[in-house]
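Single-letter residue listing:
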Amino acid sequence: MSAAPVASRLWALSQFVLKVHSRCDLACDHCYMYEHADQSWRRRPKAMSLGTLRTAAARIAEHATRHGLRSVRVVIHGGEPLLLGPVVLREMLACLRAVIDPVTTLDLRMQTNGVLLSEAFCDVLAEHHVMVGVSLDGDRAANDLHRRYANGASSYDKVRKALALLRRPEYRRIYAGILCTIDVRADPIAVYEALLAEEPPRLDLLLPHATWDAPPLRPDGDPTPYATWLRRIHDRWTADGRPVPIRMFDSVLSTAVGGPSGGEQLGLDPVDLAVVETDGEWEQGDSLKITFEGGAATGMTVFTHSVDDVAALPELVRRQGGIAQLSAECQACPVVRQCGGGLFAHRFRTGRDFDNPSVFCADLKEFILAMNGSVTLPAVSDADAAESALPDDLIDQIGSGFGDEATLRYLADTQLLIAIDLLSKVSERSGGRHAYAAEGWKVLEWLDEAAPGAAGTVLAHPYVRAWAVRCLLGGETGRDDVGYLNSLAAAAALRAGQGVDLRVPVFAGRLHLPTVGTVHLPSPTTGVAEFSATGSGFTVRAGACVVAVDDLATVGAAWQPARLLETDGLAVLIEDGDPYRDCHQWAPAERISAAEDLRWREHVTRAWRLIRDDAAEYVPGLRLGLRTVAPLVADPGGLMRASTSRDAFGSVASVLAEPAELAVILVHEFQHGKLGALLDLCELLDPSRTERFVIPWRADPRPVEGVLQGTYAHIAVADMWRRRADQSAKARVHYRDYRAWSEAGLDVLRRSGALTAPGARLVDAMARAVAGWAD
Ligand code: SF4
């Protein structure tokens, strides 16, 4: 099965909040449902009927099928969903599973105030694999500021009882985490310690709901009390070694290196969510209820409109628009890519609607800048700031066409951090049928401490990021992509010589263990197998089929060790087993034969010697950065095929070429990898410049990033042929052509008006390299 087309994925929604009960047993005074502008709850039925729920589920299933979504998240919400009682709740959950499970993976969640949570409820929730989030605002003093019954009584003890229940071994697997709304009058460290004591798998710190019409509490006129409050927790959390994921902090860390924000509070992730009210009305994110009466309304219902209709609403389309949909102030902001203007609802001001920065703007800016200063990676948003945070000569080193060891080590290290960050986001999706992937995350965390070299080698494999991106984008592959996390853990355990038991996904009879090898089961099994590492070998059991490998280095009918080629300082995998090597432009070759393997080794070895002898300046970069060469299916007409992937730093895919040509291919394609890694770290191009440019090496006009990539790679190709120019007329012709293209590309880039200051510095360095060549 192929992935759904990118265009169709862009407009798909994958998160749905079902308001199954619109009343609450608490009367928290910061609640957006009852205490803010929108009062539509008053006219709605108290509870969603089973018929309405079934229709909503059918709409979600229809949408998942149409867009090929591999998973959808459905959050059972209220009011307070436990007011339904366990019997009705069970009926509803069974209905959701019955309708949605057959078409996609259903990640079921519930958000509750917890006061009614009992064993009976937990049994129902565990039966249907519902991950439960509980609202608690910290210690007793903080929680009692808002989370009270209508008669003023505290809810604190009952919520703590609920959390104790979720910590019990039989329910621990459905404990999703705690959601805490910030009140700056509360002591942040007391809040943090109280929350940590509940051992949540995850913490969410939410800014209280406010708009420019109803600004947040700012005691004593302090302009940034929320930044101060968050910084105190952040500093303590960092000093503690980040003992629990905190979404807001992880979001800032992720967006600092160009990753997704993973939520709507911060960042530029496209809006991905719709709400169904108890009467079946579709609504936008329900935080919009704080803006004005009907602020979240769509005028659509599950009975009359599909999810596609909702996704096509101008209000939602606008929120897919990245920076362009933000206010002018935000667009000019140095942290715009990390902040994204904050939560959409927090931008509202009567008269200007949402065309404003967040009402928490000053806090967000101060906090994000402070966090950026506390991590080693630069923010990607402000080109100048990013440039100054990078190693001094990074841009010049890359611009020269080569890059010394320190430069390539820096790029490789930052690429590894990006991959790890994406991997942690994939681990958050290990619910439902992927629940077993949580085992892999735990093993990787353990190995990260016990054998960091082994875990690091596996996670630095180029296709780990390609895999993580595939998981986060969704789309049907037929494989259990999230479960592959366990394959990474299994590979790391084998590299570390550690014994572990894990469940691992098998697809079409194959189990791939990155950097270690591929198991080929005798039957084309697809599903989940039992994997046991024994230290020096392993056993895989898939149904009746058992494969035992005692010696990882020995090829067998069922075991193909990774094809590592080590020659003259180069260590590279001839990669013909990784399932995510299909991220290149051309189809990957299937498992190559022993004879083909020998030819690849010979050609890569000779190509490497040619590079070493003719163009030694490229050697440090390739030695440190090039990790895999993936054979491609040959073009039927014999045309050359070679490719790299922005999501697979350190990989080159190619058909088997003669050594002299392969040397040029390796240098050329690896240039794309280096430039892609630099683009991950700093803004070289103005993202608002979307026009296309005519260039001499392509018939079709290219976006400016394509011009930059092409020019950068062509300079290296020209350089390679230049160095051979005295050897053949062919080399001289190639040099002339590629040099002319490089100069034309540099000219287009300089005239494009799309270069940021770092971009201009890079292009200047590239031009200097070309100008330095004697004719
Ligand atoms: S910090 Fe303020 S100006 Fe910057 S993106 Fe966020 S809300 Fe907009």
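Residues numbered from 1 in each chain as written. Predicted model: local features only at pLDDT ≥ 70, side-chain atom pairs only at ≥ 80, totals over all residues. Heavy atoms only, no water.

## Regarding the overall build of the protein
Secondary structure summary: the protein contains 27 helices and 23 strands in total. Whereas a compact globule of 775 residues would reach a radius of gyration of roughly 28 Å, the protein reaches 28 Å, a difference of no more than 12%. With 775 residues in all, the protein has 59% of them scored as buried. Of all intrachain contacts in the protein linking residues separated by at least 6 positions in sequence, the fraction that spans at least 24 positions is 71%. Charge separation in the protein, taken as the distance between the mean sites of 81 positive and 99 negative side-chain charges, equals 2 Å. (Helix = DSSP H or I, 4+ residues; strand = E, 2+ residues; numbered from the N terminus. Rg over C-alpha atoms; globule rule 2.2 N^0.38 Å. Buried < 20%, exposed > 50% of the residue type's maximum accessible area, 1.4 Å probe, protein only. Contact = heavy atoms within 4.5 Å. Lys, Arg positive; Asp, Glu negative; His and termini not counted. Charge placed at Lys NZ, Arg CZ, Asp CG, Glu CD.)

## Here we look at empty space enclosed by the protein
By rolling a water-sized probe across the atoms, one finds the places where empty space is left. Inspection of the entire model under this criterion finds four cavities of 30 Å³ or more. By volume, the largest cavity is sized at about 100 Å³. As for the largest cavity, its lining consists of Ala412, Gln415, Leu416, Ala419, Leu459, Ala460, His461, Pro462, Val464, Arg465, Arg627 and Phe649. Those elements that place two or more of their residues in the lining of the largest cavity are α17 (405-427) and α20 (462-473). The element best represented in the lining of the largest cavity is α17, accounting for four residues. Along the walls of the second largest cavity sit 15 residues, with His512, Ala562, Arg563, Glu575 and Asp576 positioned nearest its centre. Broken down by secondary-structure element, the contributors of at least two residues to the lining of the second largest cavity are β11 (510-513), β12 (517-520), β16 (559-561) and β18 (570-574). Residues that form the lining of the second largest cavity fall into these classes: six nonpolar, six polar and three charged. (1 Å grid on protein atoms, 1.4 Å probe; cavity = no way out; pocket = protein on both sides within 12 Å on 5 of 7 lines; lining within 4 Å. Points joined across faces, edges and corners; volume = space filled by probe spheres on them. Nonpolar A, V, L, I, M, F, W, Y, C, P; charged D, E, K, R; others polar.)

## Let's talk about helix α21 (residues 484-496)
With 13 residues, α21 extends 18 Å between its outermost C-alpha atoms, agreeing within 8% with the 18 Å of an ideal straight helix rising 1.5 Å per residue. Extensive coverage of α21 is indicated by the burial of 11 of its 13 residues. Restricting attention to buried positions, one finds in α21 the residues Tyr484, Leu485, Asn486, Ser487, Leu488, Ala489, Ala490, Ala491, Ala492, Ala493 and Leu494. (Expected span 1.5 Å × (residues − 1).)

## Things to note about the pattern of salt bridges
The tally for this structure, following the rule as stated, stands at 55 salt bridges. For Glu283, the salt bridge identified is with Arg44, shortest N-O distance 2.8 Å. Taken together, the residues Glu283 in strand β8 (residues 281-283) and Arg44 in the loop between β1 (15-21) and α2 (50-67) connect sequence positions 239 residues apart. Assessed through its relative accessible area of 1%, Glu283 is described here as buried. With a relative accessible area of 4%, Arg44 lands in the buried category. Each member of the salt-bridge network shares a partner with another, and the members are Arg43, Arg44, Glu277, Asp279, Glu281 and Glu283. (Salt bridge = Lys/Arg side-chain N within 4 Å of Asp/Glu carboxyl O.)

## Some points on the layout of surface pockets
In this structure, the second largest pocket occupies an estimated 1500 Å³ of space. Lining the second largest pocket are 48 residues, with Gln585, Ala642, His668, Glu669 and His672 positioned closest to its centre. Elements that contribute at least two residues to the lining of the second largest pocket include exactly α22 (594-614), β20 (642-643), α24 (659-681), α25 (704-723) and α26 (729-752). Looking at which element gives the most residues to the lining of the second largest pocket, the answer is α24, with 11 residues. The residue makeup of the lining of the second largest pocket, split by class, is 17 nonpolar, 17 polar and 14 charged.

## With respect to the site of the ligand
Around the ligand, a shell composed of Cys330, Cys333, Val335, Val336, Cys339, Gly341, Pro357, Ser358, Cys361 and Lys365 is seen. For the shell around the ligand, the secondary-structure elements that each account for two or more residues are α13 (336-339) and α14 (361-374). Across the shell around the ligand, the residue classes break down as seven nonpolar, two polar and one charged. (Near = heavy atom within 4 Å.)

## Brief notes about the sheet that holds β20
Strand order in the open sheet made by the five strands is β17-β18-β19-β21-β20, with mixed pairing throughout. Looking at the sheet topology across the chains shown, the edges are occupied by β17 (563-567) and β20. Across two bridges, the pairing between β20 and strand β21 (residues 651-654) is antiparallel. Its bridge partner being in β21, Ser643 is matched across the sheet by Ala653. Packed onto the sheet, α22 meets β17, β18, β19 (628-631) and β21 and runs at close to 30 degrees relative to β17. Against the sheet, α24 contacts β19, β20 and β21, and its axis sits at roughly 135 degrees relative to β21. (Pairing = 2+ DSSP bridges. Axes fitted to C-alpha atoms, helices over the stretch in contact; angles between N-to-C directions.)

## Remarks on the environment of Leu416
If you trace the backbone, Leu416 turns up in helix α17. The spatial distance from the C-alpha of Leu416 to the C-alpha of Trp773 is 35 Å, given a sequence separation of 357 residues. Beyond its immediate stretch of four places on either side in the chain, Leu416 contacts Gly456, Leu459 and Ala460.

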